[in-house]
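Listed below, chain by chain, are the residues.
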Amino acid sequence: MIEHCRSLIQTIIHHVRLLYERLMLLVFPLLMWFMLSGQFRKTYTPGEKPEALNSGDLSIFKIKQPNAMKTPSWFYWVVGGGIISAALILFLTIRYRKYQDAMQIKKVNDEKAHLRLDVVLSKLNVIPPERKLLEMLADGATHPDDILPLVESVEDFEEKVENFKKKEEKPDSKVLKSIYNLRHKLGFDVLNKRINFITTQMLTGGIKLECRIPHPNKNILFVSPILNVSESGILLKPPTIRKKPVKLKQYPYLICRIRREDEADYEFRLPILNQIFGKPNAVVLGHSNEIKKLFIREFDRVNVDIFTTFYVLTEEKLNELGAGISATKSDMSLSSVNGNIVDMSVGGIRATIENLPKKVGDDGNLQVIEPGDIFIFHLQGANLREDLKARILKINTSDKTHEVHLQFFRTRELERLKIKKFVYRMEKKAEGAAVKAPKAPAPPPNVNSLDDPKPKAAAKTTPQNQTSNSVSSNERNALLQ
């Protein structure tokens, strides 16, 4: 860029110098002609003498004064026209050279753009038919400046796809399939955290969704894998009760969530279009562009009091251990400390510990923990088989205790669902404890009180005594399969 500016400045200086030299070649002869042509000579009437000849006898110098030579008027028109023509020719020449330079620069930029487009499409393994599809989405344009935005921006790509679908009343199924394959070949999928998740067409088969059924009286959650995704719909495996799929077609939509690891949760509603029974059992869902991004901090915290033991290690050490961390925790001498979890949410916890544990540094020496280190612990009561991992975000130190803020690290969909259900139970338990009024102690069974000499039969629990929000254990266990 600097070299280009420097060459452009040198070109401008060269043109200005040439212009100056040509103007001097034109102006200097005209100036000399005006000075020597006698245009400003004084004319005398017949018999009149110059003052220099009236002083003394200068008769010997008396000569016949010739008449002043006059320049015809057409000469000025010719000279003026010539000057204007020369200036016009010079101006047009300079403009033409600038135009040639601009065209040359544009040609070089076009060659670079074509080369860049070819390299990008080659790296993405885009074949010629898919390139033709890109040109079709770009309204028939073939210039790289019109195609590159579709390759580099998911927003531009989805906008062109939406416009194409609006123009075509019934797009060909083969074209729609090619659009879906091209989208994922360009890297516009939900697993690519460098781009925004703006449409559910970015989902792919095999990903698990956390779904909630919009039941008016029950909070029914389940985790289910996506069987297949196309440009027109999603096939989702339905939950089962007693090995039979739940009928979901009676509901208008499902509220689904998906997490991109260490980034955020995304929530969206998918309309239920149909349900297929038999093989395969699947729920046909539509797509949605209304996706809400939920950061981890947006989850409500619930006050708890859970005692646990925290094991500390660095993220690098955790990556080295991999999946064998559970077995390694008992074999290795990891630093540990006891503490209490005082509140938690779906995204993280806040714990208090009396002493800060030491971690083993890269040099083998013990070091004080710091934000970014990993705590491994077991969450009692959450029905989790494996330990949870949480990253330290902040450490607040008081006189006697240390308050550690942690964010869950690399949790899977099923673990997140169980954490959410555990937080929900803790929240309901806290609300029940706050609303519950103190009652008088009940008399012992089969013992008559003084006011009532007759024994009272034990009250029977009926379905009317249960709250409408309760879920049977069989149904809950089945939905969690």
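Just so it is clear, the model here is predicted, and its values are computed rather than measured.

About the cut-offs
- All chains use their own residue numbering, which begins from 1 and follows the written sequence.
- Reporting in this predicted model follows two pLDDT cut-offs: at least 70 for local features of residues, and 80 or more for side-chain atom pairs to be given and counted; totals over whole chains, interfaces and linings ignore these cut-offs and use all residues.
- With hydrogens and water excluded, all non-hydrogen atoms of the structure serve as input to the side-chain values.
- Under the scheme used here, helices are H or I runs from DSSP no shorter than 4 residues and strands are E runs no shorter than 2 residues, and both carry numbers assigned from the N terminus.
- Whether two residues are in contact is decided by their heavy atoms, any of which lying within 4.5 Å being enough.
- Accessible areas in this description were obtained via Shrake-Rupley with a 1.4 Å probe; residue shielding takes into account the shown protein chains only.
- When a carboxyl oxygen of Asp or Glu is within 4 Å of a side-chain nitrogen of Lys or Arg, the pair counts as a salt bridge.
- Burial classification: accessible surface area is computed with a 1.4 Å probe over protein chains only, and a residue below 20% of its type maximum counts as buried, one above 50% as exposed, and the rest as partly exposed.
- Under this scheme, a helix contributes an axis fitted over its contacting stretch, all axes are lines through C-alpha atoms, and angles between N-to-C directions fall in the 0 to 180 degree range.
- Here the angle decides the label: under 35 degrees means roughly parallel, over 145 means roughly antiparallel, 65 to 115 means roughly perpendicular, and every other value means oblique.
- Residues are grouped as follows: Ala, Val, Leu, Ile, Met, Phe, Trp, Tyr, Cys and Pro are nonpolar; Asp, Glu, Lys and Arg are charged; all remaining types, including Gly, are polar.
- The length a helix should cover is 1.5 Å for every residue beyond the first.
- For every residue, the predictor reports its confidence as pLDDT, a number between 0 and 100.
- Any pair of Phe, Tyr and Trp rings, taking the six-membered ring for Trp, is counted once the centres come within 6.5 Å. Such a pair is stacked with planes under 30 degrees apart, edge-to-face with planes over 60 apart, and tilted for the rest.
- For two strands to be treated as a pair, DSSP must find at least two bridges joining them.
- Nonpolar side chains (Val, Leu, Ile, Met, Phe, Trp, Tyr) within 5 Å and like charges within 9 Å form the patches, drawn only from residues with over 30% relative accessible area and no salt bridge.

A tally of helices and strands in the protein chain yields 10 helices and 17 strands. Within the protein chain, residue pairs in contact and separated by at least 24 positions form 60% of the contacts whose partners lie at least 6 positions apart. Of the roughly 32400 Å² that the protein chain leaves accessible, carbon and sulfur atoms contribute 55%.

A side chain of one charge can pair with a side chain of the opposite charge when the charged atoms of the two come close. This structure, assessed with the given rule, holds 16 salt bridges. In this structure, the salt-bridge partner of Lys 420 is Glu 210, at a minimum N-O distance of 2.3 Å. One end of the pair, Lys 420, is in helix H9 (residues 413-435); the other, Glu 210, is in strand S1 (residues 208-213), and 210 residues separate them in sequence. Where Asp 343 meets Arg 350, a salt bridge forms, and the shortest distance between an N and an O atom there is 2.7 Å. For Arg 350, a relative accessible area of 21% translates into the label partly exposed. Where salt bridges share partners, they join Glu 210, Arg 259, Asp 265, Arg 416 and Lys 420 into one cluster.

With that settled, consider the packing of helix H3 (residues 128-137) against helix H6 (residues 173-185). Angle between the axes and distance between the axes are the two parameters that describe a pair of packed helices. Running from amino to carboxyl end, H3 crosses H6 at an angle of 100°, the nearest separation of the two axes being 11 Å. In terms of axis orientation, H3 runs roughly perpendicular to H6. Across from Glu 130, Leu 133, Leu 134, Met 136 and Leu 137 in H3, the residues of H6 making contact are Val 175, Ser 178, Ile 179, Leu 182 and Lys 185. Tallied by class, the residues present in the contact of H3 with H6 amount to seven nonpolar, one polar and two charged.

Glancing now at unusual backbone geometry. The backbone phi angle of Asp 139 is positive, close to 60°, even though this residue is not glycine. Relative to the assigned elements, Asp 139 resides in the loop between H3 and helix H4 (144-152).

Turning our eyes to something else, we now look at helix H5 (residues 154-167). Here H5 spans 20 Å end to end across 14 residues, near enough to the 20 Å set by a 1.5 Å rise per residue. Contacts from the buried residues of H5 go to H3, H4 and H6.

Bringing the confidence of the model for the protein chain into the picture now. Per-chain confidence: the protein chain averages 77 in pLDDT, with 76% of residues scoring 70 or above. Here helix H10 (residues 473-479) stands out as the least confident element of the protein chain, with mean pLDDT 44; strand S3 (residues 234-236) is the most confident, with 93. Of the regions scoring below 50 in pLDDT, residues 442-481 engages in 28 contacts with residues more than four places distant in sequence or in other chains.

What follows covers the packing of H5 against H6. Where H5 contacts H6, the axes come no closer than 12 Å and their chain directions differ by 175°. By the angle between their axes, H5 is roughly antiparallel relative to H6. Together, Phe 157, Glu 158, Val 161, Phe 164 and Lys 165 of H5 and Val 175, Leu 176, Ile 179, Leu 182 and Arg 183 of H6 make up the contact between the two elements. Looking at the contact of H5 with H6 residue by residue, the classes come out as seven nonpolar, no polar and three charged.

Going through the model one piece at a time under the given rule, you end up with five aromatic pairs. Ring geometry for Phe 197 versus Phe 268: centroids 6.0 Å apart, planes at 80°, classification edge-to-face. A residue pair is termed long-range when its members are at least 10 positions apart, and Phe 197 in the loop between H6 and S1 and Phe 268 in strand S7 (residues 264-276) qualify at 71 residues. A network of ring pairs unites the aromatic residues Phe 197, Tyr 266 and Phe 268 as a single cluster.

Examined against the element boundaries, Lys 237 turns out to sit in the loop between S3 and strand S4 (240-241). C-alpha of Lys 237 to C-alpha of Asn 281: the two residues are 44 residues apart in sequence and 6.4 Å apart in space. Ignoring sequence-local partners within four residues, the contact set of Lys 237 consists of Phe 222, Ser 224, Pro 225, Leu 227 and Asn 281.

For the rest of this paragraph, the subject is the pairing of S1. Along any regular strand the residues' side chains alternate between the sheet's two faces. With six bridges joining them, S1 and strand S2 (residues 220-229) adopt antiparallel strand pairing. Bridge assignment links Ile 213 to a residue of S2, and that residue is Ile 220. Between S1 and S2, which pair antiparallel and follow one another directly, the connecting turn spans six residues. The sheet contact formed by S1 and strand S6 (residues 253-260) spans three bridges and is antiparallel. Across the sheet, the residue bridging to Glu 210 is Arg 257, located in S6.

What follows deals with helix H2 (residues 73-123). With 51 residues, H2 ought to run about 75 Å at 1.5 Å a step, and its terminal C-alpha atoms sit 75 Å apart, in line with that. Every buried residue of H2 is accounted for by Leu 90, Ile 94, Asp 110, Ala 113, Leu 117 and Leu 121. In the segment just after H2, Asn 125 is the residue with positive phi, at about 60°.

Attention now moves to the sheet that holds strand S17 (residues 402-408). Here six strands make up a closed barrel; going around it, the order is S10-S11-S12-S17-S16-S15 and the pairing antiparallel. With direction set aside, neighbouring strand axes in the sheet form an average angle of 45°. As judged from the seven bridges shared by strand S16 (residues 388-397) and S17, these two strands associate in the antiparallel manner. From the neighbouring strand, Asn 396 faces S17, where its bridge partner is Glu 403.

A few words now on a nonpolar patch on the surface. On the surface, a nonpolar cluster with roughly 270 Å² of combined accessible area is contributed by Leu 8, Ile 12 and Val 16. Tracing the backbone shows Ile 12 in helix H1 (residues 2-36).

For the rest of this paragraph, the subject is the environment of Pro 252. Mapped onto the elements, Pro 252 comes out in the loop between strand S5 (244-245) and S6. Given a relative accessible area of 53%, Pro 252 falls into the exposed group. Spatially, the C-alpha atom of Pro 252 lies 6.0 Å from that of Pro 271, the residues being 19 residues apart in sequence. Other than its neighbours up to four places away in sequence, Pro 252 contacts Pro 271 and Ile 272.

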